[in-house]
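Overview (structure and organization)
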Amino acid sequence: MLPLREGGSLPGLVEADDLGTYVVKFRGAGQGRLALVAEVVVGELGRRLGLPVPDLVLVDVDPALAAAEPDEEVQDLLRASPGLNLGLDYLPGALGLERPDGVDPDLAARIVWFDSLVLNVDRSWRNPNLLRWHGDPWLIDHGAALYLHHDWPPREQAATRSLPGAADHVLLPVAGPLAAVQAELGPVVAADLVRDVVALVPDEWLEARADVASARSAYVDLLTDRAANPTPWLDPVEVARAARV
Ligand SMILES: Nc1ncnc2c1ncn2[C@@H]1O[C@H](COP(=O)(O)OP(=O)(O)OP(=O)(O)O)[C@@H](O)[C@H]1O
Ligand SMILES: [Mg+2]
């Protein structure tokens, strides 16, 4: 495994037995398993809404692999990560997209809307988590989204919370209006779709919760509530956007 040193959670480049090459994020990393839950729910929802997110897979890690690793930190991480971990399709040669110039305003608006929906606090100009691959932007690193799941607030509060730090979103200066995106994509974020996406999360990542089934429905409620009633969380972002344009 080749550790990717720029990632805080020490993701690694791994060749899996399906012969694919994946950026693997480990369940034993300091960010914890809920970061992987957020990666799956948000990454897969984004893909199904037509956003450019690399394919996600579950990677079964054999802790015996640690013995072959020269780096002690990597050994510890592998030993702490038996079972299912998250893999993202590796985009070879992709570079970080640091500046929003040239990103299509409609795509930028979709991404700002989406990050606001899923409360993704990790797309600021300081840490854009956007790659450019074959000329096009790709979205990575959704582990900090859905942060409410670390300590679920009452359902109404979760539904209305606006994206913290939205004014610093890297794509805000180039994004078009958000209302048109909401009109198109809001109704697509319906219970059936979100349930399918949440069903992809392995039980073993949710087991710390009292009850896995109610943990899953909390994600479905959060996302469908927000998509159906966007005014409280989207208006403040739209105000910030209009002020930047
Ligand atoms: N699918 C991918 N294809 C190519 N490179 C990738 C891919 N995913 C991640 N990377 C590279 O790995 C780096 C770290 O990934 P990511 O941001 O997801 O990890 P992280 O540990 O959550 O990072 P941090 O918390 O430091 O932002 C990225 O900046 C990028 O350079
Ligand atoms: Mg990152």
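In this text, all values refer to a predicted model and were calculated from it rather than measured experimentally.

**Looking at the coordination of the magnesium ion (ligand 2)**
Every protein donor of the magnesium ion (ligand 2) is listed here as Asn 129 (OD1) and Asp 141 (OD), and their distances to the metal cover 2.1 to 2.2 Å. With Asn 129 in the loop between helix H3 (105–117) and strand S7 (130–133) and Asp 141 in the loop between strand S8 (136–139) and helix H4 (155–160), this residue pair connects regions lying 12 residues apart in the sequence.

**Brief notes about the domain arrangement of the protein**
By the assigned domains, the protein splits into domain 1 (2–30 + 55–89) and domain 2 (95–244). Here the C-alpha centre of domain 2 lies 26 Å away from the C-alpha centre of domain 1. Of all residues in domain 1, Arg 27, Leu 58 and Leu 84 bury the most surface against domain 2, accounting for 62% of the area lost on that side. Counting across the domain 1 and domain 2 interface gives two salt bridges. For the salt bridge of Arg 27 with Glu 204, the shortest nitrogen-to-oxygen distance reads 2.4 Å. Linking domain 1 with domain 2 are four residue pairs in polar contact (both at pLDDT 80 or more). At four residues, the largest contribution of residues to the side of domain 1 that touches domain 2 is made by strand S5 (residues 83–89).

**A word on the packing of helix H6 (residues 191–198) against helix H8 (residues 212–228)**
The geometry of H6 relative to H8 is characterised by a closest axis approach of 9 Å and an angle of 140° between their N-to-C directions. By the angle class used here, H6 and H8 are oblique. At the point where H6 passes H8, the crossing takes the right-handed sense. Packed against H6, whose contacting residues are Ala 191, Val 194, Arg 195 and Val 198, the element H8 presents Arg 216, Tyr 219, Val 220, Leu 223 and Thr 224 at the interface.

**Points about the site of ligand 1**
Close contacts around ligand 1 come from 17 residues, with Gly 8, Ser 9, Lys 25, Asp 89 and Asp 141 the closest. At 2.9 Å, a backbone N or O of Asp 89 approaches a nitrogen atom of ligand 1. A distance of 2.9 Å is found between a nitrogen atom of ligand 1 and a backbone nitrogen or oxygen belonging to Leu 91. Considered on its own, ligand 1 offers 620 Å² of accessible surface; in the complex 84% of this is hidden by protein. Counted by class, the shell around ligand 1 contains eight nonpolar, five polar and four charged residues. If you count residues domain by domain, the shell around ligand 1 takes at least three from each of domain 1 (2–30 + 55–89) and domain 2 (95–244).

**Overview of the packing of helix H1 (residues 33–48) against H6**
Relative to each other, H1 and H6 sit at 130°, their axes nearing to 9 Å. In terms of orientation, H1 and H6 fall into the oblique class. Along this stretch, H1 crosses H6, giving a crossing that reads as right-handed. For the pair H1 and H6, contact is made by Val 40, Val 41, Glu 44, Leu 45 and Arg 48 and by Leu 193, Asp 196, Val 197 and Val 198, respectively. When grouped by side-chain class, the residues that make up the contact of H1 with H6 number six nonpolar, no polar and three charged.

**Describing the pattern of salt bridges**
As enumerated under the stated definition, the model contains 17 salt bridges in all. Residue Arg 110 pairs with Glu 184 through a salt bridge whose shortest N-O separation is 2.8 Å. A residue pair is termed long-range when its members are at least 10 positions apart, and Arg 110 in helix H3 and Glu 184 in helix H5 (residues 179–185) qualify at 74 residues. The exposure class of Arg 110 is buried, given its relative accessible area of 18%. The network of salt bridges with common partners includes Glu 44, Arg 47, Arg 48 and Asp 55.

**Looking at the sheet that holds strand S2 (residues 12–15)**
Strand order across the open sheet formed by five strands is S1-S2-S3-S5-S4, with antiparallel pairing between neighbours. What marks the edges here is a single partner per strand, and that holds for strand S1 (2–3) and strand S4 (56–61). Looking at chain direction, S1 and S2 are connected through two bridges and run antiparallel. Opposite Leu 2, over in S2, you have Leu 13 as the bridge partner. Packing against the sheet, H1 makes contact with strand S3 (21–25), S4 and S5, and its axis sits at approximately 150° to S4.

Reading the values: rules and limits
- Residues numbered from 1 in each chain as written.
- Chains lettered and ligands numbered in written order.
- Predicted model: local features only at pLDDT ≥ 70, side-chain atom pairs only at ≥ 80, totals over all residues.
- Heavy atoms only, no water.
- Donors = N, O, S within 2.8 Å, 3.2 Å for Na, K, Ca; no water.
- Helix = DSSP H or I, 4+ residues; strand = E, 2+ residues; numbered from the N terminus.
- Domains from an automatic or database assignment.
- Buried area = accessible area lost by both parts, 1.4 Å probe.
- Salt bridge = Lys/Arg side-chain N within 4 Å of Asp/Glu carboxyl O.
- Polar contact = N/O pair within 3.5 Å; in protein donor to acceptor, adjacent residues only side chain to side chain.
- Axes fitted to C-alpha atoms, helices over the stretch in contact; angles between N-to-C directions.
- Parallel < 35°, antiparallel > 145°, perpendicular 65-115°, else oblique.
- Left-handed = near helix turned anticlockwise from the far one by under 90°.
- Contact = heavy atoms within 4.5 Å.
- Near = heavy atom within 4 Å.
- Areas by Shrake-Rupley, 256 points an atom, 1.4 Å probe, with all protein chains shown as cover.
- Nonpolar A, V, L, I, M, F, W, Y, C, P; charged D, E, K, R; others polar.
- Buried < 20%, exposed > 50% of the residue type's maximum accessible area, 1.4 Å probe, protein only.
- Pairing = 2+ DSSP bridges.

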